[in-house]
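Residues per chain, in single letters:
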Amino acid sequence: MVHFFDPANPRMLEKLPALAASADAVLGNLEDAIPTAAKESARRGLIEVARGPALGETPLWTRINSLESPWALDDLTELIGAIGDRLDVVMVPKVEGPWDLHYLDRLLSQLEARHAVDRPIQLHAILETAMGVINCEQIALASPRLQGISFGPGDLAASRRMKTTRVGGGHPGYRVIADPAGAGAARPQAQQDLWHYSMARMVDACAVAWIVPLYGPFGDIRDSAGCEVQFRAAATLGCAGAWTLHPAQIEIAKRVFS
């Protein structure tokens with residue numbers, strides 16, 4: 001599990017040592033969940049966390065802002081200049097095609113050389129746009145830095161104009177019904193998996209490239225049963241793990257993906 005935290009939230013930072021001890025990696029989030037006014041303070045907070053003892057030996061990831069945003073370049077230049085020797089993985093949102101990773105591969109090489117970072121920082125793409133799904137196989141093979149791809153149902157739903165009501169999980173309107181079996185006979189119905197096609201394509205692309213597929217966020221942190229079912233579906237399909245947004249989801253992920 002990759003556990004997300006808000007580097008601009010003091011209450012969350014107080015809990016970080018315990019979370020870091022129980023997660024496989026911790027990720028300082030700089031993107032969508034961080035308000036515009038807090039972007040710079042989140043970046044500064046992440047630098048302070050990386051320089052301190054809170055994380056122990058737990059790998060540190062960050063999700064930068066999307067490449068077309070006004071913050072992405074500063075995210076990379078400031079973080080690698082300050083904590084490039086501590087940062088393991090840069091997660092890239094809304095990857096549309098291999099060109100996004102070609103750009104980042106070269107930029108990271110330049111920044112690593114400038115700041116004498118003696119090991120390559122890895123990349124992790126998020127599959128969360130229709131264009132990204134179309135180019136999934138090319139994305140998986142785009143860079144030797146790419147260590148994996150995560151499935152992002154929230155923004156993918158927005159990109160497709162899907163009628164979902166929460167991030168991750170199913171929808172009661174997406175179902176099949178049995179054929180008529182005679183007058184008055186019951187016609188059983190079953191809810192279907194909205195994400196099967198896209199996630200299976202991501203898993204195939206990752207298998208070919210020998211990189212790691214992850215399920216992304218399950219947004220309803222109160223729905224533990226729904227989270228476990230979604231995680232189990234992802235694990236059954238071939239995903240190696242998932243994001244966790246709340247401590248309760250860490251325990252679910254450990255149970256499902258072990």
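Residues numbered from 1 in each chain as written. Predicted model: local features only at pLDDT ≥ 70, side-chain atom pairs only at ≥ 80, totals over all residues. Heavy atoms only, no water.

This part covers the state of the cysteines. One pass over the full model with this rule turns up zero disulfides. A disulfide-free cysteine, Cys-206 has its sulfur positioned 6.5 Å from the sulfur of Cys-136, the nearest such atom. Taking the relative accessible area as the measure of exposure, Cys-206 reaches 0% and is therefore buried. Here Cys-227 stays unpaired: no disulfide links it, and the sulfur of Cys-239, its closest cysteine neighbor, is 13 Å away. (Disulfide = S-S within 2.5 Å. Buried < 20%, exposed > 50% of the residue type's maximum accessible area, 1.4 Å probe, protein only.)

So, on to the side chain of Glu-128. For Glu-128, the location among the structural elements is in the loop between β5 (122–127) and α5 (130–134). Polar contacts involving the side chain of Glu-128 include one to the main-chain amide nitrogen of Lys-94, which spans 2.8 Å. (Helix = DSSP H or I, 4+ residues; strand = E, 2+ residues; numbered from the N terminus. Polar contact = N/O pair within 3.5 Å; in protein donor to acceptor, adjacent residues only side chain to side chain.)

Here we come to the pairing of β5. Most of β5 sits inside the fold, with five of its six residues counted as buried. Traced from strand β4 (residues 87–92) through helix α4 (residues 98–114) to β5, the parallel crossover comes out right-handed. Sheet topology note: the β5/strand β6 (residues 146–151) ladder contains five bridges and is parallel. Along β6, the bridge assignment pairs His-124 with Gly-148. (Right-handed = clockwise from strand over helix to strand, strands pointing away. Pairing = 2+ DSSP bridges.)

Take the nonpolar core next. Side chains that are nonpolar tend, in soluble globular proteins, to be buried together. The biggest cluster of nonpolar side chains holds 67 residues, and the ones touching the most others in it are Leu-60, Leu-76, Ile-149, Met-202 and Phe-231. Per-element accounting of this core gives the leading share, six residues, to helix α8 (residues 196–209). Among the nonpolar cores identified, the runner-up in size contains 10 residues, and Val-2, Trp-61, Val-89 and Leu-214 belong to it. (Core = buried A, V, L, I, M, F, W, Y, C linked by side-chain atoms within 4.5 Å.)

A separate point is helix α10 (residues 247–257). Turning to α10, its buried residues number three or more, namely Gln-249, Ile-250, Ile-252, Ala-253, Val-256 and Phe-257. Projected down its long axis, α10 shows its buried positions confined to an angular sector of 165°, all on one face. Against the buried residues of α10 lie β1 (2–5), α1 (10–22), α9 (224–237) and β10 (241–244). (Arc of directions from axis to C-beta. Contact = heavy atoms within 4.5 Å.)

Now for the sheet that holds β5. Taken in spatial order, the eight strands line up as β1-β2-β3-β4-β5-β6-β9-β10 and close into a barrel, and their pairing is parallel. Adjacent strand axes in the sheet meet at a mean angle of 30° when their direction is disregarded. Each of β1 and β10 is contacted by α10, which is oriented at about 175° to β10, the strand it contacts most. (Axes fitted to C-alpha atoms, helices over the stretch in contact; angles between N-to-C directions.)

Attention shifts here to the packing of aromatic side chains. Counted according to the given criterion, the structure contains five aromatic pairs. Ring centres 6.3 Å apart and planes at 35° place the aromatic pair Phe-151 and Tyr-215 in the tilted group. Note that Phe-151 is positioned in strand β6 and Tyr-215 in strand β9 (residues 212–215), a separation of 64 residues in sequence. Considered together, Phe-151 and Tyr-215 belong to a single accessibility category, that of buried residues. (Phe/Tyr/Trp six-rings, centres within 6.5 Å; stacked < 30°, edge-to-face > 60°.)

Here we come to the pairing of β4. Extensive coverage of β4 is indicated by the burial of five of its six residues. For strand β3 (residues 60–63) and β4, the ladder comprises four bridges, and the chain directions are parallel. Across the sheet, Thr-62 pairs through a bridge with Val-90, a residue of β4. Handedness of the crossover joining β3 and β4 through helix α3 (residues 72–83): right-handed. Here four bridges tie β4 to β5, and the two strands are oriented parallel to one another. Bridging from a neighbouring strand, Met-91 pairs with His-124 of β5.

Here we take up the packing of α3 against α4. In a pair of packed helices, the angle between the axes and the distance between the axes together describe the arrangement. Look at α3 against α4: their axes get within 10 Å of each other, and the N-to-C directions meet at 30°. One finds that α3 runs roughly parallel with respect to α4. Here the hand of the crossing between α3 and α4 comes out right-handed. The segment α3 lies against α4, with Leu-73, Leu-76, Thr-77 and Ile-80 engaging Tyr-103, Leu-104, Leu-107, Leu-108, Leu-111 and Glu-112. Each residue belonging to the contact of α3 with α4 can be placed in one class, and the counts come to eight nonpolar, one polar and one charged. (Parallel < 35°, antiparallel > 145°, perpendicular 65-115°, else oblique. Left-handed = near helix turned anticlockwise from the far one by under 90°. Nonpolar A, V, L, I, M, F, W, Y, C, P; charged D, E, K, R; others polar.)

One can describe the packing of α9 onto α10 by two numbers: an axis separation of 10 Å at closest approach and a directional angle of 35°. Remark: the crossing between α9 and α10 carries right-handed chirality. Together, Ser-224, Cys-227, Glu-228, Phe-231, Arg-232 and Ala-235 of α9 and Gln-249, Ile-252, Ala-253, Arg-255, Val-256 and Phe-257 of α10 make up the contact between the two elements. Considering only residue class, the contact of α9 with α10 consists of seven nonpolar, two polar and three charged.

Honestly, it's all geometry; don't read function into it.
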